[in-house]
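Each chain is listed here by its residues.
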Amino acid sequence: MIIPQDFDLKTELKKCKTAEDLTGKNGLLQRLVGGMLEQLLQNEMDEHLGYEKHSIMGDHSGNSRNGKTKKTLKSNYGNVELEIPRDRNGEFDPIVVKKHQRSISSFDDKIISMYAKGMTVRDIQAHVQELYGADLSPALISNITDKVMETATEWQARPLQKIYPIIFFDAIHYKVKENGKVVSKASYTCLGIDLEGKKDVLGIWVGDAEGARFWLKVCTELQNRGVKDVLIACIDGLKALPDAIRMVFPEVEIQLCIIHMIRNSIKYVPHNCSKEFMADLKEIYKASTEEVAYQNLEKLQRKWEPKYALAVRPWLVHWENLKTFFAFPEQIRRVIYTTNAVESVHRQLRKVTKNKAVFPTDESLVKMLFLAVRDVSKKWTMPMHGWKTIISHLSIVYGERLGLDT
């Protein structure tokens, strides 16, 4: 089933009139996979013997090819008929299709794994070419990775737990092609901390315009997937999100990210005043109580607002959503006063997506983000540090809402 040299992918694709012609029995993908595997096996045999087929180097070498053995393998595209090369000494032990192997579905998983690590289609082609000397077409790689979308859709709709003590929302921006133009779109991530203290990305939403309707849809989706209550929602300055969360989860407490507030304020303060301004600002967010913090905020207002109103006013306007963390001990404050937990996830996503300057579609972006999140979350096997103390304090504050025996 080795693909002939005169095989033309574009011509073969034109012959495909239905999905069955592409992915069904004896379809194009089935033939491509079989032909590619046989080419890989031939390359392995060349490596094993130390010379290529028909080479004079094989004369009196002590070992040579000795025909082929037919084998049927299960694949994601149906059964694939292969001809496995043999050597005269019976020493050939192939890697790409091992002895007694009856399925090659894992081959797709290897391609998907490379894609999940941020490798481009060209990178994957080069990697397989270097390892096996075989050429994978971009169409084949795309079709293999496109299968991820079905899994990603199922993941996005999976049931969630009833209660999340803490959730984090944040956005990361990418360039995506849309209607022939390159536009900037935000990917919004919701990270939840469950009752056991374990992290879980609850969902990813790609959109180009956030607003009340968008956030209400997101929060309603979480509710429809089983979330009944959220204690604390830690967010960046995402417009309309606080109102949307409260509409769906009325008892939730909002905590705006202090770090983002600091960064936003310092942009409006000249460099020669920044050190003094930061020292005054620190007296607010490092205060021992909400009362002391607000007194220090009033001092900041009197001193700096006449000169740098844009640096001061957001703290006054958003104080209701900034003061939440003052009600908790230091161990909980460190967790909720910043969205660093979800930003840490985004740092991992950037590592994977850095080779993609522009995504061709929203779906291609979601596909890569889902794979990256799946890889990152494999490490989340243990509760967050100090969780027993945190959940004990939360159980005292929130009582029956946690559904724990107190």
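Every value quoted in this text rests on a predicted model; they were computed, and no experiment measured them. (Residues numbered from 1 in each chain as written. Predicted model: local features only at pLDDT ≥ 70, side-chain atom pairs only at ≥ 80, totals over all residues. Heavy atoms only, no water.)

Q: So what exactly am I meant to see when it comes to the packing of helix α7 (residues 148-156) against helix α17 (residues 362-377) here?
A: Relative orientation and spacing of two packed helices are given, respectively, by the angle between their axes and the distance between those axes. Between α7 and α17, whose axes approach to 10 Å, the crossing angle comes to 70 degrees. Here α17 runs roughly perpendicular to α7, going by the angle between their axes. Considering only the axes of α7 and α17, their crossing is left-handed. Contact residues: V148, M149, T151, A152 and W155 in α7; E363, V366, K367, F370, L371 and V373 in α17. Considering only residue class, the contact of α7 with α17 consists of eight nonpolar, one polar and two charged. (Axes fitted to C-alpha atoms, helices over the stretch in contact; angles between N-to-C directions. Helix = DSSP H or I, 4+ residues; strand = E, 2+ residues; numbered from the N terminus. Parallel < 35°, antiparallel > 145°, perpendicular 65-115°, else oblique. Left-handed = near helix turned anticlockwise from the far one by under 90°. Contact = heavy atoms within 4.5 Å. Nonpolar A, V, L, I, M, F, W, Y, C, P; charged D, E, K, R; others polar.)

Q: Sorry, what's going on with helix α10 (residues 258-266) here?
A: A turn of α-helix holds 3.6 residues, and therefore any two residues three or four places apart point the same way. Among all positions in α10, only I258, H260, M261, I262 and S265 are buried. The inward-facing, buried residues of α10 contact β7 (253-256), α11 (271-285), α13 (309-317), α14 (319-322) and α16 (340-353). (Buried < 20%, exposed > 50% of the residue type's maximum accessible area, 1.4 Å probe, protein only.)

Q: It is not clear to me how the nonpolar core should be interpreted in this structure. Could you clarify?
A: In a soluble, globular protein the nonpolar side chains are often hidden away together inside. Ranked by internal contacts, the top residues of the largest apolar core, which has 91 residues, are F169, W215, I245, I336 and L394. Considering each element in turn, this core owes the most residues, ten residues, to strand β3 (residues 163-178). The contact partners of L394, leaving out residues within four places of it in the chain, are P165, I232, F328, I332, G399 and L402. (Core = buried A, V, L, I, M, F, W, Y, C linked by side-chain atoms within 4.5 Å.)

Q: Would you take a moment to explain the packing of aromatic side chains for this structure?
A: The geometry of an aromatic ring pair is captured by the separation of the ring centres together with the interplanar angle, meaning the angle of the planes. By the definition in use, this model includes 13 aromatic pairs. Where Y188 meets F214, the ring centres are 5.1 Å apart and the plane angle is 50 degrees; that geometry is what we call tilted. One end of the pair, Y188, is in strand β4 (residues 181-193); the other, F214, is in helix α8 (residues 212-224), with 26 residues separating them in the sequence. Taken individually, Y188 and F214 each receive the classification buried, so the pair is uniform in this respect. Through a chain of ring-to-ring contacts, the aromatic side chains of Y294, W319, F325, F326 and Y337 assemble into a single cluster. (Phe/Tyr/Trp six-rings, centres within 6.5 Å; stacked < 30°, edge-to-face > 60°.)

Q: Would you explain the packing of α10 against α11 in this entry?
A: Their axes nearest at 11 Å, the elements α10 and α11 cross at an angle of 155 degrees. By the angle between their directions, the pair α10 and α11 is classed as roughly antiparallel. The way α10 lies across α11 gives a crossing that is right-handed. Contacts between α10 and α11 pair I258, I262, S265 and I266 from the former with S274, F277, M278, L281 and Y285 from the latter.

Fair warning: the whole summary comes from geometry, so function is off the table for now.
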